Amino acid sequence: MATSSKWNLSRQDIQIAAKDERELLLEHDSDPDEDMLFNRPNTSTVEPSSTKADGKMDSVRLQIQEVTDVMRNNVQKVMERGDRLEELQEASDRLSMAGDEFRAAAKRAQQKAWLQNFKTRIILVTITMTVVICIIGT
């Protein structure tokens, strides 16, 4: 009667199970620390035919990791660009409001100067008329 226990498993069965488990775990989103833990190169002694396959898998994993790093950098740059655009928009809004306030203050100052000029002319005309009336009346 053949009974199998964990001690009767071949090295190849254990490697296949470890690989399947690793792939199953890597299918889900994980932290970079976890990726480094699960994607580290296999240091155990392996048969020559599986070394080529593992080498190709490691190469593909490295390429995937590089592409993932580039994508993360790109996403980070896009987010930073968005933040800078928001800051620029806020500065633009503040500048626009300051320009509107300046325009309103300049208009008030112009109206005040016109009114003061008008008052001065009325006073001069009144003084001139009073002097003319005094001269003619005497």
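Residues numbered from 1 in each chain as written. Predicted model: local features only at pLDDT ≥ 70, side-chain atom pairs only at ≥ 80, totals over all residues. Heavy atoms only, no water.

The protein chain carries the name Synaptobrevin in an unreviewed UniProt entry, which gives Dufourea novaeangliae as its organism.

### Notes on the packing of aromatic side chains
Convention followed: Stacked, tilted and edge-to-face pairs are distinguished by plane angle, under 30 degrees for stacked and over 60 for edge-to-face with tilted covering the rest, among Phe, Tyr and Trp rings (Trp via its six-membered ring) whose centres lie within 6.5 Å. The helix count covers DSSP runs of H or I at least four residues long, the strand count covers runs of E at least two residues long, and both are numbered beginning at the N terminus. Only protein chains enter the accessibility calculation, which uses a 1.4 Å probe; a residue is then buried when its area is under 20% of its type maximum, exposed when over 50%, and partly exposed in between.
Considering all chains together, one arrives at one aromatic pair under this definition. Taking the centre distance of 5.5 Å and the plane angle of 5 degrees together, the rings of W114 and F118 count as stacked. Here W114 and its partner F118 are both found in helix α3 (residues 48–137), four residues apart, which amounts to about one turn of the helix. Of the residues examined, W114 reaches a relative accessible area of 57% and is grouped as exposed.

### Here's the deal with a negative patch on the surface
For the record, the criterion: Exposure above 30% relative accessible area and the absence of a salt bridge qualify a residue for a patch, where like charges join within 9 Å and nonpolar side chains (Val, Leu, Ile, Met, Phe, Trp, Tyr) within 5 Å. The protein chains shown are the only cover counted for residues, whose accessible areas, like all others here, come from Shrake-Rupley with a 1.4 Å probe. Each reported salt bridge corresponds to a side-chain nitrogen of Lys or Arg within 4 Å of a carboxyl oxygen of Asp or Glu. Positive charge is attributed to Lys and Arg, negative charge to Asp and Glu, and no charge count is given to His or to the chain ends. Positions of charges follow a simple convention, taking NZ of Lys, CZ of Arg, CG of Asp or CD of Glu.
A cluster of like negative charges, contributed by E80, D83, E86, E87, E90 and D93, occupies part of the molecular surface. Classification of E87 by relative accessible area gives exposed; the value is 53%.

### Section: the pattern of salt bridges
As enumerated under the stated definition, the model contains two salt bridges in all. Here D58 ties to R61 by a salt bridge, and the two come within 3.7 Å at their closest N and O atoms. Placement of the pair is D58 and R61 together in helix α3, with a separation of three residues, close to one helical turn. On the basis of relative accessible area, D58 is assigned to the partly exposed category, the value being 24%. Linking D100 and R103 is a salt bridge whose minimum nitrogen-to-oxygen distance equals 3.0 Å. In this pair, D100 and R103 are both assigned in helix α3, three residues apart and thus about one turn of the helix distant. We classify D100 as partly exposed; its relative accessible area is 42%.

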